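Survey of secondary and tertiary structure
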Amino acid sequence: MTATGTTRDTQGSSNPEYVNARVRSRRAVLFADEDYRKLVRMGTGGIARFMEESEYETEINALASRHDGVDLIEHALNRNLAKHFEDLLRWSDGRLHELIARYLRRYDAWNVKTAIRGVYSGAPPDDIRVDLIQAGDLDDTTMDEIVEAESIEAIVDALADTIFGPPLEAAYDEFEQHNLLVPLENAVDRAFYSALLADVENGRSREGPLALYVEFLTAEIDFLNARNVLRVARSGADIDPEEYFIEGGQLFTMDQLRSIGTDLDQLVEVVRESDYGEELSVALDQLEDAESLIEFEHALHVAELEYTDRLSNVYPVSITAVMSYVLAKTREVENIRAIARGREAGLSEERIEEELVVL
């Protein structure tokens, strides 16, 4: 399934009330944090059975004859996620359908970064392919090329005619110099958000649903820039902040990011004094209490989810409710996958719980 592969009349009227009603019912059956705590204590067989008794029943039953263990869980997760996002496109009409399709191209960015990480680590194509999410706009031929590529350079070449091609080519020298994926991954993110914001470049001066949509995207970019500060700090590499800065946010300027450097306390203070501060006071306290960069990054992710959830309630008939659901559903899939892989690898319950994003 591709975001633009569904034939719809995008010139007609939108139907946000209907779509958001359907989204609310889908959110009601998402796994709760208590469910993750149960899953952490199970083996992969128990996790699959738990999923079979949930809304993943159809996928587990359809795939059980061909897969088992972690493979069954991962294939079921990816198929279910694609189904849910396909439903969003099927339900929506007019401008709403167009905006949802554009937003789901975030999974093109996900898939490109997944392929880059896989090839970089020497993973077999089948191992890379199972992590892909079939909800974007890249065609099957391109997806096969980047998954089966024998080098990062081959991936860059395969994407030359896509929105990711020029930014990746520009970032490739930085990658070769430091042998770090940060410049490449952020080139992908910059390409996605640049294309997404180009369609609503005047939205900041408007009121109503479109302005809220832009505010949602602005928040995503702000939190992504904050996470990139952590990743560069963790790498220890001497990378120019301009290599990972994503335009379109309002929380950070380039000069601020340079001054923050690896000072996580200062990062928290910048967020606390921003427009996000009042609504994220509890999450920011968790950020301050984090004892490692990994915990800090997870706490920052929680802060983003909480902020976007609240934003989606400000204007309940806007696309922001759909976007917030997309993030929440993705969090569920990532958490279940992390638990299954952790159990297969023999990690302790405590170690697996450290990998989860829980609210």
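Overview of the structure. Note that the structure is a prediction, hence the values are computed from the model and not measured.

Here is what the cut-offs are and how they apply
Residues numbered from 1 in each chain as written. Predicted model: local features only at pLDDT ≥ 70, side-chain atom pairs only at ≥ 80, totals over all residues. Heavy atoms only, no water. Helix = DSSP H or I, 4+ residues; strand = E, 2+ residues; numbered from the N terminus. Contact = heavy atoms within 4.5 Å. Areas by Shrake-Rupley, 256 points an atom, 1.4 Å probe, with all protein chains shown as cover. 1 Å grid on protein atoms, 1.4 Å probe; cavity = no way out; pocket = protein on both sides within 12 Å on 5 of 7 lines; lining within 4 Å. Points joined across faces, edges and corners; volume = space filled by probe spheres on them. Expected span 1.5 Å × (residues − 1). Buried < 20%, exposed > 50% of the residue type's maximum accessible area, 1.4 Å probe, protein only. Patch = residues over 30% accessible without salt bridge, like charges linked within 9 Å, V, L, I, M, F, W, Y side chains within 5 Å. Salt bridge = Lys/Arg side-chain N within 4 Å of Asp/Glu carboxyl O. Lys, Arg positive; Asp, Glu negative; His and termini not counted. Charge placed at Lys NZ, Arg CZ, Asp CG, Glu CD. Axes fitted to C-alpha atoms, helices over the stretch in contact; angles between N-to-C directions. Parallel < 35°, antiparallel > 145°, perpendicular 65-115°, else oblique. Nonpolar A, V, L, I, M, F, W, Y, C, P; charged D, E, K, R; others polar. Phe/Tyr/Trp six-rings, centres within 6.5 Å; stacked < 30°, edge-to-face > 60°. Lys NZ or Arg CZ within 6 Å of the ring centre and 35° of its normal. Bend = angle between axes of the 7 residues up to and from the residue. Core = buried A, V, L, I, M, F, W, Y, C linked by side-chain atoms within 4.5 Å.

1. Some details on the overall build of the chain
- Scanning the chain for helices and strands turns up 19 helices and zero strands.
- Intrachain contacts of the chain at a sequence separation of at least 6 include 70% that bridge at least 24 residues.
- In the structure as shown, the chain presents an accessible area of about 16200 Å², 44% of it carried by carbon and sulfur atoms.

2. Description of the layout of surface pockets
- For the largest pocket, the calculated volume is near 1700 Å³.
- Every residue lining the largest pocket is counted, 45 residues in all, and those nearest its centre are Trp110, Arg117, Arg231, Glu297 and Glu334.
- Counting residues per element, the ones that place at least two in the lining of the largest pocket are helix 7 (106–121), helix 8 (125–129), helix 12 (182–198), helix 13 (209–235), helix 17 (293–314) and helix 18 (320–344).
- The leading source of residues in the lining of the largest pocket is helix 7, at nine residues.

3. Some points on helix 12
- Counted at 1.5 Å a residue, the expected span for helix 12 with its 17 residues is 24 Å, and the 24 Å between its end C-alpha atoms agrees.
- Along helix 12, 13 of the 17 residues are buried, which leaves the element largely enclosed by surrounding structure.

4. Regarding a negative patch on the surface
- On the surface, Glu153, Asp157, Glu169, Asp173 and Glu176 cluster together into a patch of negative charge.
- Counting only elements with at least two residues in the negative patch, the list comes to helix 10 (152–158) and helix 11 (165–178).
- The dominant element in the negative patch, judged by the number of residues it contributes, is helix 11, at three residues.
- One can find Glu176 in helix 11.

5. Structural notes on the pattern of salt bridges
- Under the counting rule described, the total for this entry stands at 23 salt bridges.
- Where Asp87 meets Arg26, a salt bridge forms, and the shortest distance between an N and an O atom there is 2.8 Å. In this pair, Asp87 sits in helix 5 (residues 69–91) while Arg26 sits in helix 1 (residues 16–27), placing the two residues 61 residues apart along the sequence. Of the two residues examined, Asp87 and Arg26, each falls in the buried class.
- Of the charged contacts, one joins Asp144 and Arg129 as a salt bridge, the two residues approaching to 3.5 Å between their closest N and O atoms. One end of the pair, Asp144, is in helix 9 (residues 140–147); the other, Arg129, is in helix 8, and 15 residues separate them in sequence.
- Overall, the relative accessible area of 35% leaves Asp144 in the partly exposed class.

6. Here's the deal with the packing of helix 3 (residues 44–52) against helix 18
- Interaxial distance between helix 3 and helix 18 falls to 9 Å at its minimum, and their mutual angle equals 155°. Classified by the interaxial angle, the pair formed by helix 3 and helix 18 is roughly antiparallel. The residues of helix 18 that touch helix 3, namely those facing Thr44, Ile47 and Met51, are Ile336, Ile339, Ala340, Arg343 and Glu344.
- Split by residue class, the contact of helix 3 with helix 18 holds five nonpolar, one polar and two charged.

7. Notes on the side chain of Lys329
- Structurally, Lys329 can be placed in helix 18.
- The contact partners of Lys329, leaving out residues within four places of it in the chain, are Leu30, Glu55, Tyr56, Asn80, Leu81, His84 and Phe85.

8. Here's the deal with the packing of aromatic side chains
- Counted by the stated rule, this structure contains eight aromatic pairs.
- Taken together, Phe31, Tyr36, Phe50 and Tyr56 form an aromatic cluster joined through their ring pairs.
- When the ring centre of Tyr107 is taken as reference, the NZ or CZ atom of Arg106 above it lies at 5.9 Å.

9. Side note on helix 11
- Counted at 1.5 Å a residue, the expected span for helix 11 with its 14 residues is 20 Å, and the 20 Å between its end C-alpha atoms agrees.
- Bending of helix 11 peaks at approximately 35° at the position of Ala171.
- Among the residues of helix 11, Gly165, Leu168, Ala171, Tyr172, Glu174 and Phe175 are the ones counted as buried.
- The secondary structure elements touched by the buried residues of helix 11 are helix 7, helix 10 and helix 12.
- Backbone geometry just downstream of helix 11 places Asn179 in the positive-phi region, at approximately 55°.

10. Quick look at unusual backbone geometry
- Positive phi outside glycine occurs at Asn179, with the angle close to 55°.
- Mapped onto the fold, Asn179 is located in the loop between helix 11 and helix 12.

11. Notes on a nonpolar patch on the surface
- A cluster of nonpolar side chains, namely Val314, Tyr315 and Val317, defines an oily patch on the protein surface of about 240 Å² accessible area.
- For Val317, the location among the structural elements is in the loop between helix 17 and helix 18.

12. Side note on the packing of helix 7 against helix 9
- The geometry of helix 7 relative to helix 9 is characterised by a closest axis approach of 9 Å and an angle of 25° between their N-to-C directions. Between helix 7 and helix 9, the crossing angle belongs to the class labelled roughly parallel. Contacts from Asn111, Val112, Ala115 and Val119 in helix 7 reach Met143, Ile146 and Val147 in helix 9.
- In terms of residue class, the contact of helix 7 with helix 9 is made up of six nonpolar, one polar and no charged.

13. Side note on the nonpolar core
- Formed by 105 residues in total, the largest nonpolar core has its most connected members in Met51, Leu88, Val112, Ile116, Leu168 and Ile336.
- For this core, the leading source of residues is helix 13, giving eleven residues.
- Apart from residues no more than four positions distant in its own chain, Val112 is found in contact with Leu138, Ile146, Leu159, Phe164, Leu168 and Val188.

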